[in-house]
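Notes for the structure review
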Amino acid sequence: MSDFQEKLGKYADLAVRIGINVQPGQTLVISAPVSAAEFIRLITAKAYAAGAGLVKVNWNDEFVTRQQYEHAADEVFTKAPKWFAGEMTELAEEGGAFLSVLAENPDALKGIDPARIAANQKTRSTALTKFRELQMSDKVSWCLVAVPSQAWADKVFPDVPAEERVDKLWNAIFHTVRIDQEDPVAAWQAHLDNLESKSAVLNAKKYKKLHYIAPGTDLTIELPEGHLWAQGDSINAKGHTFVANMPTEEVFTAPLKTGVNGTVRSTKPLSYGGNIVDNFSITFENGRIVGVSAEKGQDTLEHLMATDDGAKYLGEVALVPHQSPISDSGILYYNTLFDENASNHLAIGMAYAFCLEGGKDMTPEELIERGLNSSVTHVDFMIGSADMDIYGITEDGAREAVFLKGNWAF
């Protein structure tokens, strides 16, 4: 067995055992590009070996998707097939687990009418509202992982000989998910324990607000009463742990929907809807976005924020030290799964129910009453840098350093 095949097997094992944590008799639903077939076959074999009752794969293809955007009738993008949302929701309600494998070209839909992309994403997200509610309240296990594609590797490593780019991206991904360590599973457990120690400190502090200061950024974010800081691993409705993002370096919570004021500037490009948005600023008043400006992708950003009313508010506040494995690598991935774990970030749209005490058992209406944002979308964007300071403000107005020069102050 080659070194690569050994690492690929460990990666598949990690996704099954730590990411999804497949249980005996459970249905595993995999969404993946056809280019990842070899990896998906490994995951399928390991999932069945772990006792999965059924492994169901929903394939997609970048070329087919672009052809659809270029040539399909307009109504295709405004009418979601009921069977798809119905099947996903039914499988979730029956305790299925959901693994998404990412490999997309960041420029896959460059030149496509942003209105078409926005319409399709809104239609699909709206159809999947019930499924997303189950997912974002930790009722089901879910996980995101990634594998290289040639187009993605070309974007990340343009200065490397073309024939070496995919291998270089594979090695970078293996490093971010700790496959290059002697015991990746043990390494992940130690890493998750470290993240939990940070969330424990923040949960004990119970800050009223966070104040972000950096070049182009002066932003205050109020946190709802009873907010909880979460980290890499979660627990589903049946008491089984899972890790939603691999890699993960963040500790995160939900903001008070109406408590965000000031301006924040991006520090990394955002890959969204097959397009790149870069060098952008967003201004908030009482939580609502009142101004956006982007050097690249302004139309894409505006269409995102027009998805629904909730897309004009924040749903997540995440802390990631500047000195962390992905950031230290110096690699810009043009993929949010990786770039968000190299930088402090915020998310436009839906808040996670589990970021509120008792939130997992609340109705959507109760979560809204408690100050959490609701939306059919959830899009992270990166704002962290070595120049960012973040202060926690307590109920009595005391001001304490949380981040200084981009890193934890404690």
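Procedures and definitions
- Residues numbered from 1 in each chain as written.
- Predicted model: local features only at pLDDT ≥ 70, side-chain atom pairs only at ≥ 80, totals over all residues.
- Heavy atoms only, no water.
- Helix = DSSP H or I, 4+ residues; strand = E, 2+ residues; numbered from the N terminus.
- Rg over C-alpha atoms; globule rule 2.2 N^0.38 Å.
- Buried < 20%, exposed > 50% of the residue type's maximum accessible area, 1.4 Å probe, protein only.
- Contact = heavy atoms within 4.5 Å.
- Areas by Shrake-Rupley, 256 points an atom, 1.4 Å probe, with all protein chains shown as cover.
- Lys, Arg positive; Asp, Glu negative; His and termini not counted.
- Charge placed at Lys NZ, Arg CZ, Asp CG, Glu CD.
- Arc of directions from axis to C-beta.
- Salt bridge = Lys/Arg side-chain N within 4 Å of Asp/Glu carboxyl O.
- Axes fitted to C-alpha atoms, helices over the stretch in contact; angles between N-to-C directions.
- Parallel < 35°, antiparallel > 145°, perpendicular 65-115°, else oblique.
- Left-handed = near helix turned anticlockwise from the far one by under 90°.
- Expected span 1.5 Å × (residues − 1).
- Pairing = 2+ DSSP bridges.
- Nonpolar A, V, L, I, M, F, W, Y, C, P; charged D, E, K, R; others polar.

Some points on the overall build of the protein
Counting its secondary structure elements, the protein contains 13 helices and 19 strands. Since a compact globule built from 410 residues should have a radius of gyration of about 22 Å, the 20 Å found for the protein is in line with a globular shape. Dimensions of the protein along its principal axes, counting C-alpha atoms only, are 60 × 50 × 45 Å. The buried share of the protein, reckoned over its 410 residues, is 55%. Considering only contacts within the protein whose residues lie at least 6 apart along the sequence, 74% involve residues at least 24 apart. Working note: accessible area of the protein is about 17200 Å², and carbon and sulfur atoms make up 50% of it. The average position of the 36 basic charges and that of the 56 acidic charges among the side chains of the protein differ by 2 Å.

Here we look at helix α10 (residues 298-305)
Restricting attention to buried positions, one finds in α10 the residues T300, L301, L304 and M305. Taken down its axis, α10 places every buried residue within 130° of arc, on the same side. Tucked inside the fold, the buried residues of α10 contact β11 (270-272), β12 (275-285), β13 (288-296), β15 (345-349) and β16 (378-382).

With respect to the pattern of salt bridges
Two side chains carrying opposite charge are able to pair once their charged atoms lie near each other. For the coordinates displayed, the defined rule picks out 14 salt bridges. Its salt-bridge partner being D107, residue K155 comes within 3.0 Å of it at the nearest N-O pair. Of this pair, K155 sits in helix α7 (residues 150-156) while D107 is found in the loop between β3 (97-102) and α5 (114-127), placing the two residues 48 residues apart along the sequence. Exposure remark for K155: the relative accessible area of 23% places this residue in the partly exposed category. Using a relative accessible area of 21% as the deciding quantity, one classes D107 as partly exposed. The partner of D154 in a salt bridge is R165, with the nearest N and O atoms 3.0 Å apart. In this pair, D154 sits in helix α7 while R165 sits in helix α8 (residues 165-176), placing the two residues 11 residues apart along the sequence.

Section: the packing of helix α3 (residues 62-71) against α5
Between α3 and α5, whose axes approach to 10 Å, the crossing angle comes to 115°. Taken as axis vectors, α3 and α5 run roughly perpendicular relative to one another. Read as a crossing pair, α3 and α5 show a hand that is right-handed. Contacts from Q68, Y69, E70 and H71 of α3 reach α5 at R116, I117 and N120.

Side note on α8
Taking 1.5 Å per residue, 12 residues should reach 16 Å; α8 reaches 17 Å between its end C-alpha atoms and fits that length. Considered for burial, the residues of α8 that qualify are R165, V166, L169, W170, A172, I173, F174 and T176. Taken from the residues just after α8, R178 is the one with a positive phi, measuring 70°.

Things to note about the pairing of β12
In this sheet, β12 lies alongside strand β10 (residues 260-265) in antiparallel orientation, the contact comprising 4 bridges. The residue of β12 that forms the bridge with R265 is S281. Across 3 bridges, the pairing between β11 and β12 is antiparallel. When the bridges of β12 are listed, Y272 appears paired with N275. In this structure, the hairpin formed by β11 and β12 is closed by a connection of 2 residues, where G273 is found at a positive phi of approximately 60°. In terms of strand pairing, β12 meets β13 through 7 bridges, oriented antiparallel. Each residue of the ladder has a partner; that of I282, found in β13, is V292. Between β12 and β13, which pair antiparallel in sequence order, lie 2 residues; one of them, N286, sits at a positive phi of approximately 50°.

Some words on the sheet that holds strand β14 (residues 314-319)
Taking strand neighbours across the sheet as the criterion, the 4 strands line up as β9-β14-β15-β16 in an open arrangement whose pairing is antiparallel. Both outer strands of the open sheet, β9 (251-253) and β16, are each paired with one neighbouring strand and no more. Strand-to-strand twist of the sheet, defined as the mean angle between neighbouring strand axes without regard to direction, takes the value 20°. Where β14 and β15 come together, 4 bridges link them in antiparallel fashion. Counted as the bridge partner of V317 is L346 from β15.

Thoughts on the packing of helix α1 (residues 3-20) against α8
It is at 11 Å that the axes of α1 and α8 come closest, and there the two elements cross at 45°. Viewed along their axes, α1 and α8 adopt a mutual orientation that is oblique. Crossing angle aside, the handedness with which α1 passes α8 is left-handed. Contacts between α1 and α8 involve F4, K7, L8 and Y11 from the first element and W170, N171, I173 and F174 from the second. Of the residues in the contact of α1 with α8, the class split is 6 nonpolar, 1 polar and 1 charged.

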